[in-house]
Each structure stands twice: as structure tokens, then as C-alpha cells.
Amino acid sequence: MYLVDSHAHLDFDALTQDLDGVLERARAVGVQTILSIGIGDGPATMHRARDLAANHQGTTPRIYASAGIHPQEAHQADEGALDLLRDLASDPLVLAIGEIGLDYYHFENPDIAVQQAAFLAQLDIARDVRKPILIHLRTSELATSQAKARFGSADATEDLFASIERHWAPYGIGGVMHCFSGTADHARRALDLGFHLSFAGNVTYSRFPGIREAAAFAPLDRILVETDSPFLAPQPLRGQRNEPAHTRITAEFVAGLRGIPLAELAEATTANFQALFLRSEL
Ligand SMILES: [Zn+2]
């Protein structure tokens, strides 16, 4: 069994305080590769995931990194931060730019124009190094009334798809809708734009039938699984700290939705990860 956790925040305190145990438990259930997301606690610590990957060379699970400025920190995407990202983006251990995107869900988030500028600037960097992007997208439908008052009728999904259509899809580099949480229609449109869909623990929550529907119909060669550790633990662990070993629970659930054995799902999602990020170098 070879599983890939396509999205984990291994550099967050909740996991670093117990990293050896976290990696050991991942290995024990077959999670042999982890993409450690390099957003840090903001741009100044984006490099932590890359450093963590560099410090774990030759071990199992194999750790790779991403780097990017999260939409919640878009107001910090100044020239200095973008220079830092440019440096990290060319590092061979950094497989992707992200997570980047749009989020009109929290009242405290930066203004829409600020988020969009940071997003476009990072698409430029990703295009220069020809590495896939990892998208963070929070649909606006469930936002608090405060956030709705602030962001009005703006729809993060529509805004994001419009930017992707113009500034990313034509280049054919691809990317991942991380923790896919949209409707079945959003899934179809993301697939049409060349994205892979990555499913996290929330696919196991009964409140979001659109996610399950997407996990069942998306082409087998376009899906990934992830934990988004330390967040979003799958049922029955919901509410607890999440960790990469739990990729297996989500993978089992998605395999069940598709009516295929876990081994087949594991093999496909591993091959998809390699094709997108490693171009068969693994
Ligand atoms: Zn994340």
C-alpha cells in the first residue's frame, strides 16, 4: 500500500511537537509521501516546510514542500515576500506554489482587491517556474452574516475561476483544488479548467453531499487525497487533531464512494501525484 497525503501542515506546532510519532504512524499505515504546505504563519515563515523536507531526506515518509502566501495573509504579499517566494519556488524540493487563492468567508480577511492582487502575483511566479498551484477556495455561501455584509454579493468561486481561465488554464501547468469543498457543478468546472480535485476529511461529513458526489464522479486519474493536518480530521475522529496517517481513513471512504478497493484508489492517487508534481521522477 502506497498512499500520498497531498496536503499537510507539518510545520504547524500541533504537529512539530510530536513529528517523529506523526511520521511513524503515517508510515505504519502506508502513507509514504507527504506534501508539506509552506504557508507558515505568514510569508516570513514560508520556508519552514522546505526546511522540514530538506531535514528529512532519505526517510519514509518522503517529504516534499510547497510555498505560497495564503489569502488570509494576502496583505503581507509585498515585494519582499514575493521575492522570498520566488527563491523558494525554484527549489527542487518545492513541488508547487500554494496554498493560494481567495477566501471571502472570514470577516477579518483582506479586501477582495488585495487578495486578488496577491493571487495574480503568485500565478506569475508559478508560471515562471512551471510548477502546479494549490488552490485554497472558501465558498461564500456559508460565510457569517458579518462577512457577507463586508464582502457583499462577491462570490469567491466565480472570481477564482475567472482569474484561472484567463491567467492560468491556457498555460497547461495544472494544479489542485485542495480540500475540495464545492458543489458538483464547481467540481465539473474545476476539472474542465485542468485541475485535480483533492479530497480531505470533510468528504466524510454528512453535511456536504456535493463533495461526496464529486468524489464519486471525478475521473480516477484526476483525484488526490489529503488530510489538511492538523485540521479537518475525518469521521470518526472529527474534532481531534488530524495527522497524515488519517489519509487512509479518507482514502477508504472515497474508495467506498466509488465502489473500488482501497488498493486501487491508493495506486491511482499515488500515480496522479507523481504525474502532476514529479513527472515520474519518484
Ligand atoms: Zn491547508
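This write-up is about the structure you can find in this document. (Residues numbered from 1 in each chain as written. Predicted model: local features only at pLDDT ≥ 70, side-chain atom pairs only at ≥ 80, totals over all residues.)

**Quick word on the nonpolar core**
One finds Ala 67, Ile 133, Leu 197, Phe 199 and Val 254 to be the most contacted residues of the largest nonpolar core, which totals 84 residues. If we skip the residues at most four places from it in the chain, Phe 199 touches Phe 180, Ala 215, Ile 223, Val 225, Thr 250 and Val 254. (Core = buried A, V, L, I, M, F, W, Y, C linked by C-beta atoms within 7 Å. Buried ≥ 20, exposed ≤ 12 C-beta atoms within 10 Å, placed from the backbone. Contact = placed C-beta atoms within 7 Å.)

**Some remarks on the environment of Leu 10**
Residue placement: Leu 10 occurs in the loop between β1 (3–8) and α1 (13–16). On the neighbour-count criterion, Leu 10 (29 C-beta atoms within 10 Å) is buried. Ignoring any residue separated from it by four or fewer positions in sequence, one finds Leu 10 in contact with Leu 15, Leu 19, Ile 34, Ser 36, Ala 49, Leu 52 and Ile 63. (Helix = DSSP H or I, 4+ residues; strand = E, 2+ residues; numbered from the N terminus.)

**Some remarks on unusual backbone geometry**
Looking along the chain, the bond that leaves Thr 60 and enters Pro 61 is cis, with omega of -5°. Structurally, the position occupied by Pro 61 is in the loop between α3 (48–54) and β3 (62–67). For the bond from Gln 235 to Pro 236, the omega torsion is 5°, close enough to zero to count as cis. Relative to the helices and strands, Pro 236 resides in the loop between β8 (223–225) and α10 (247–258). A positive phi angle, close to 50°, is found at Arg 130, a residue other than glycine. Within the fold, Arg 130 resides in the loop between α5 (112–129) and β5 (133–138). With phi around 50°, Cys 179 is a residue other than glycine that occupies positive phi space. Structurally, the position occupied by Cys 179 is in the loop between β6 (175–177) and α8 (184–192). With 26 C-beta atoms counted inside 10 Å, the residue Cys 179 sits in the buried group.

**Quick word on helix α9 (residues 209–217)**
If you check which residues of α9 are buried, you get Ile 211, Ala 214 and Ala 215. Mapping the buried residues of α9 onto a view down its axis gives an arc of 100°, with all of them on the same face. Those residues of α9 hidden inside the fold are in contact with α8, β7 (195–199) and α10. (Arc of directions from axis to C-beta.)

**Quick notes on the pairing of strand β2 (residues 31–36)**
The element β2 is largely enclosed, with a buried count of five among its six residues. Summarising the sheet, β1 and β2 pair through four bridges and their orientation is parallel. What sits directly across from Ala 8, in β2, is Ser 36. Alignment of β2 against β3, held across four bridges, turns out to be parallel. Bridge assignment links Thr 33 to a residue of β3, and that residue is Arg 62. (Pairing = 2+ DSSP bridges.)

**As for helix α2 (residues 19–28)**
Considered for burial, the residues of α2 that qualify are Val 22, Leu 23 and Ala 26. The buried residues of α2 all sit within an arc of 90° when viewed along its axis, so they share a single face. Facing away from the buried surface of α2 by more than 90 degrees, the exposed residues are Asp 20, Gly 21 and Ala 28. Residues of α2 that are buried make contact with α1 and β2. Trailing α2 by a residue or two, Gly 30 shows a phi angle of about 95°, which is positive.

Fair warning: the whole summary comes from geometry, so function is off the table for now.
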